[in-house]
Amino acid sequence: MTPALERLVNAFSSLPNIGRKSATRLAYKIIEMSEDEVNSFADTIINAKNSVKLCAVCQGYCEDALCSICSNDSRMKDTIVVVEDNRALEAIEETHEYNGQYHVLHGIISPIDNIGPEQLKIKELLARLDDGVKEVIIATNPSVEGEATAMYLSRLIKPFGIKVSRLAYGLPVGATLEYADSVTLLKAIEGRTEV
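Only a predicted model underlies this, so the values are computations on that prediction, with no experimental measurement involved.

Our next topic: the overall build of the protein. Of regular secondary structure, the protein possesses 7 helices and 6 strands. Along the protein, from the amino end to the carboxyl end, the secondary structure elements read α-α-α-β-β-β-α-β-α-β-α-β-α. Principal axes of the C-alpha set define a box for the protein whose edges measure 60 × 50 × 35 Å. Counting only residues that meet the buried cut, the protein has 30% of its 195 residues in that class. Sequence-distant contacts, at least 24 apart, represent 45% of the contacts inside the protein between residues at least 6 apart. In the form shown here, the protein has an accessible surface area of approximately 13,000 Å², with 56% of it arising from carbon and sulfur atoms. Of the charged side chains in the protein, 20 are positive and 28 negative, and the gap between their average positions amounts to 4 Å.

Let us look at the environment of E97. Residue placement: E97 occurs in the loop between α4 (86-93) and β4 (101-104). The class of E97 is exposed, set by a relative accessible area of 70%. In this structure the C-alpha to C-alpha distance between E97 and K123, which are 26 residues apart in sequence, comes to 28 Å.

Every disulfide links exactly two cysteines, by a covalent bond between their sulfur atoms. For the structure on display, the rule yields 0 disulfides. The cysteine C62 is free of any disulfide, with C55 supplying the nearest cysteine sulfur at 4.9 Å. As a non-bridged cysteine, C67 has C70 as the owner of its nearest cysteine sulfur, 3.7 Å distant. When its relative accessible area of 8% is taken as the criterion, C67 is described as buried.

The residue N17 is not glycine, and still its phi comes out positive at about 65°. With respect to the helices and strands, N17 occurs in the loop between α1 (3-13) and α2 (20-32). Residue classification places N17 among the exposed residues on the basis of a relative accessible area of 81%.

Parameters and conventions
Counting restarts for each chain: residues are numbered from 1 in the order of the written sequence. Totals for whole chains, interfaces and linings use all residues, but because this is a predicted model, local features are given only for residues with pLDDT of at least 70 and pairs of side-chain atoms are given and counted only at 80 or more. Values shown for side chains rest on all heavy atoms present in the structure; no hydrogens or waters enter the calculation. We count a stretch as a helix when DSSP gives it H or I for four or more residues in a row; a strand needs E for two or more, and each element gets its number in order from the N terminus. Three exposure classes are used, based on accessible area relative to the maximum for each residue type with a 1.4 Å probe and protein chains only: buried under 20%, partly exposed in between, and exposed over 50%. We call two residues in contact when some of their heavy atoms are within 4.5 Å. Throughout, the Shrake-Rupley method with a 1.4 Å probe supplies accessible areas, and for residues the shown protein chains are the sole cover considered. Here the positive residues are Lys and Arg and the negative ones are Asp and Glu; neither His nor the chain ends is included. Lysine's charge is taken at NZ, arginine's at CZ, aspartate's at CG and glutamate's at CD. Note that a disulfide, as used here, is simply two cysteine sulfur atoms within 2.5 Å.

This is the structure in structure tokens:
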């Protein structure tokens, strides 16, 4: 492998969830593209990097001062779902069931990764809590760090007199009980609903 190709493979490998084999396939694909295709691809990356910024309200990604959700007057303003990143926001939006607001933290509290509350968009969230907000739904992942972040946020938000809730989690649809781990089963029992 040439040094330039090796550098390209290393660049792709630095992206999340891209292993060496996938990075190598991507690098060879780039080399096999025409010069116009490569230039167009590179321009698309540079344009996205220069155009995408944070929404002034929810801190989600957008290209204007406000994202399409925050600028939509038909969305409920009294409920905010707090998510770790834009991917989680998009996953909830794909359900077409939630019609409120969002707030993107851009991470979770993780001392092992040197990420504390000050690295997250928490102060921006707290600044929004006097705008008629009645409920904050914390939708961080059910990991140790996600739970710690949820508890931290809950302690900060409750003094505002705002309801703080957490997404329910437990067994996925179609799961078999015998294969579920004990923590998942416990959360499913705790989050049970009346039939």
